[in-house]
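What the coordinates show
Chain by chain, the residues run as shown.
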Amino acid sequence: MAGEKKTGDIQSGRLSADEISRNYCDLHAPLTEYQAIQESARCLFCHDAPCTEACPTDIDIPGFIRKIASGNINGAAKSILDENIMGNTCGNVCPVEELCEQVCVKNTAEEKPVVIGQLQRYATDFLFDCGIQPYKRRSDTGKSVAVVGAGPAGLSCAHRLAVLGHKVTVFESRTEPGGLNEYGLAAYKMLEQRAAREVAFILGVGGINIETRQSLGSNFDLGELRRKYDAVFIGLGHNAVNALGIENEEIEGVHNAVDFIERIRQENLSTLPVGRNIVVIGGGNTAIDIAVQMKKLGAETVTLVYRRGVDQMGATQFEQTVAQTNGVLIRTQAKPVGIHSSDNQLRAVEFEYTEIDSNGQMTGTGETFELPADQLFKAIGQSLDPSPLGGAEVPALAGGRINVDPKQRTSLPDVWAGGDCTAGMDLTVVAVQDGKIAAQSINEYLNHG
Ligand SMILES: Cc1cc2nc3c(=O)[nH]c(=O)nc-3n(C[C@H](O)[C@H](O)[C@H](O)COP(=O)(O)OP(=O)(O)OC[C@H]3O[C@@H](n4cnc5c(N)ncnc54)[C@H](O)[C@@H]3O)c2cc1C
Ligand code: SF4
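In this report, the structure presented in the accompanying data block is examined. Keep in mind the model is a prediction, meaning the values are calculated, not measured.

Considerations on the overall build of the protein chain
Helix and strand content of the protein chain: 16 helices and 19 strands. Over its C-alpha trace the protein chain gives a radius of gyration of 23 Å, about what one expects of a compact globule, namely 22 Å for 449 residues. Projecting the C-alpha coordinates of the protein chain onto the three principal axes gives extents of approximately 65 × 60 × 55 Å. Counting across all 449 residues of the protein chain, residues that qualify as buried make up 53%. Across the protein chain, the fraction of contacts at a sequence separation of at least 24, relative to all contacts at a separation of at least 6, is 71%. About 19500 Å² of surface is accessible on the protein chain, with carbon and sulfur atoms providing 47% of the total. Positive and negative charge centroids in the protein chain, built from 40 and 57 side chains respectively, lie 5 Å apart.

Structure representation (structure tokens):
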């Protein structure tokens with residue numbers, strides 16, 4: 001229990017390095033060869049497979065499972081990667097229980113669905129371990145494309161464009177590429193430098209140059225990119241976080257969940273400050289991720305509070321179960337109304353119970369309660385701050401995000417966008433698909449004008 005004492009009851013090293021490392025083991029242990037063969041044999045190889053219909057990247061799921069069953073593991077991986085170049089990450093982080101596995105015909109009262117996500121991971125891990133690079137660039141087209149943001153959307157777009165023979169420059173404001181794969185996804189889903197390994201694989205095709213510490217809106221503007229490159233793709237994700245809008249949000253002990261999650265991904269886990277009592281506000285996967293990870297770091301109590309009912313929580317049922325089995329207490333129908341401190345250090349968070357009135361509106365009941373807290377994590381959503389897009393001509397926005405058509409085209413003829421900065425589900429797999437569709441559309445534009 002050694003550790004640096006901070007204000008409040010906040011300490012680093014609440015658990016030993018060994019305990020932390022055990023807590024941060026893989027969410028799903030990788031399948032063995034035997035398990036993968038057994039599991040692939042459960043697939044019925046459905047015609048018009050519902051699992052493929054449910055996959056945002058259209059992976060031929062029965063096709064790749066059949067290859068695993070016949071022992072062609074690298075062939076299976078290639079089928080996955082052809083549609084989803086981040087198929088390895090997605091095999092670990094996709095909410096499969098709401099996508100492919102939910103609709104698997106094996107998902108009945110008597111049986112469990114085929115574990116598609118784990119098979120996807122098995123096949124792509126196998127290919128990466130073999131060190132195989134299955135993609136080759138077509139001959140150089142002489143066209144160049146700028147991609148803003150090296151997250152799943154940007155890298156997926158860059159890879160497809162590079163394969164098609166275009167030269168791609170990716171501008172990334174951070175020091176490492178990967179976006180939220182590197183800085184956001186829960187550490188226990190992305191062990192062993194998984195994100196960096198995938199980025200290296202993507203770059204292995206050639207023709208992609210990444211310039212890090214280069215930000216749209218400060219180092220260059222959109223007009224410059226449009227003059228220098230034949231086309232531009234914007235995949236800058238969310239760049240702003242929502243505030244609670246109550247007093248004391250800036251005091252010691254109050255954090256934005258995404259900023260702290262970034263620290264969990266990048267710093268030594270034994271040196272992070274961890275409160276004895278922790279409160280998390282929010283109902284989505286970010287809220288679950290910070291709650292679970294703080295418990296794994298040794299917090300004594302972690303209470304996640306959501307303003308609506310459990311059925312309205314953005315976090316999947318599986319994520320909620322992960323939280324509960326890790327000792328996180330989930331409380332619903334309560335909204336924060338006060339952050340209480342002493343000597344500018346967080347002491348407690350006050351909540352008001354909520355209810356739904358006869359008009360379907362959520363209102364406070366007037367009845368309140370307090371939770372003691374050394375740390376408070378705000379996880380009530382992220383958004384797009386459009387200021388980096390500023391300049392003479394700006395792509396049109398809709399609902400606070402960049403407006404795109406089904407081919408990911410913006411209102412500017414030579415600018416495409418995708419991922420979290422555009423509308424749609426905020427998932428890695430969706431960002432990858434957006435980048436892929438944009439690349440195909442950019443290719444048509446570059447070839448035919
Ligand atoms: C905590 C957390 C947990 C999540 N867990 C899951 C999960 O388990 N499963 C899942 O499917 N999804 C999950 N998601 C969502 C998923 O991570 C995102 O939907 C996905 O990363 C979006 O990809 P993107 O490329 O659009 O954006 P990002 O991954 O955010 O990448 C955008 C990139 O653009 C860069 N950038 C930003 N501004 C600029 C600029 N001005 N100039 C240059 N570069 C810039 C950023 O640094 C970043 O590298 C999670 C998200 C969070 C926050
Ligand atoms: S729905 Fe299930 S059984 Fe049918 S092809 Fe997909 S994974 Fe196989």
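What follows continues from the structure just given.
Some words on the packing of aromatic side chains
Enumeration over the complete set of coordinates arrives at nine aromatic pairs. On the basis of an interplanar angle of 45° and a centroid distance of 4.8 Å, the ring pair of Phe-128 and Phe-201 is categorised as tilted. Pair noted here: Phe-128 is in helix 8 (residues 116–130) and Phe-201 is in helix 11 (residues 194–203), with a separation of 73 residues, a long-range link. A residue is classified by how much of its surface remains accessible, and Phe-201, at 8% relative accessible area, is buried. Between Phe-171 and Tyr-229, the aromatic rings sit 6.2 Å apart at their centres with planes inclined by 80°, giving edge-to-face as the arrangement. Of this pair, Phe-171 sits in strand 3 (residues 167–172) while Tyr-229 sits in the loop between helix 12 (222–228) and strand 5 (231–234), placing them 58 residues apart in sequence. On the basis of relative accessibility, which here comes to 8%, the residue Phe-171 falls in the buried class. Positioned over the ring face of Phe-45 is Arg-66, at 4.2 Å from the centre of the ring.

What counts as what
- Residues numbered from 1 in each chain as written.
- Chains lettered and ligands numbered in written order.
- Predicted model: local features only at pLDDT ≥ 70, side-chain atom pairs only at ≥ 80, totals over all residues.
- Heavy atoms only, no water.
- Helix = DSSP H or I, 4+ residues; strand = E, 2+ residues; numbered from the N terminus.
- Rg over C-alpha atoms; globule rule 2.2 N^0.38 Å.
- Buried < 20%, exposed > 50% of the residue type's maximum accessible area, 1.4 Å probe, protein only.
- Contact = heavy atoms within 4.5 Å.
- Areas by Shrake-Rupley, 256 points an atom, 1.4 Å probe, with all protein chains shown as cover.
- Lys, Arg positive; Asp, Glu negative; His and termini not counted.
- Charge placed at Lys NZ, Arg CZ, Asp CG, Glu CD.
- Phe/Tyr/Trp six-rings, centres within 6.5 Å; stacked < 30°, edge-to-face > 60°.
- Lys NZ or Arg CZ within 6 Å of the ring centre and 35° of its normal.

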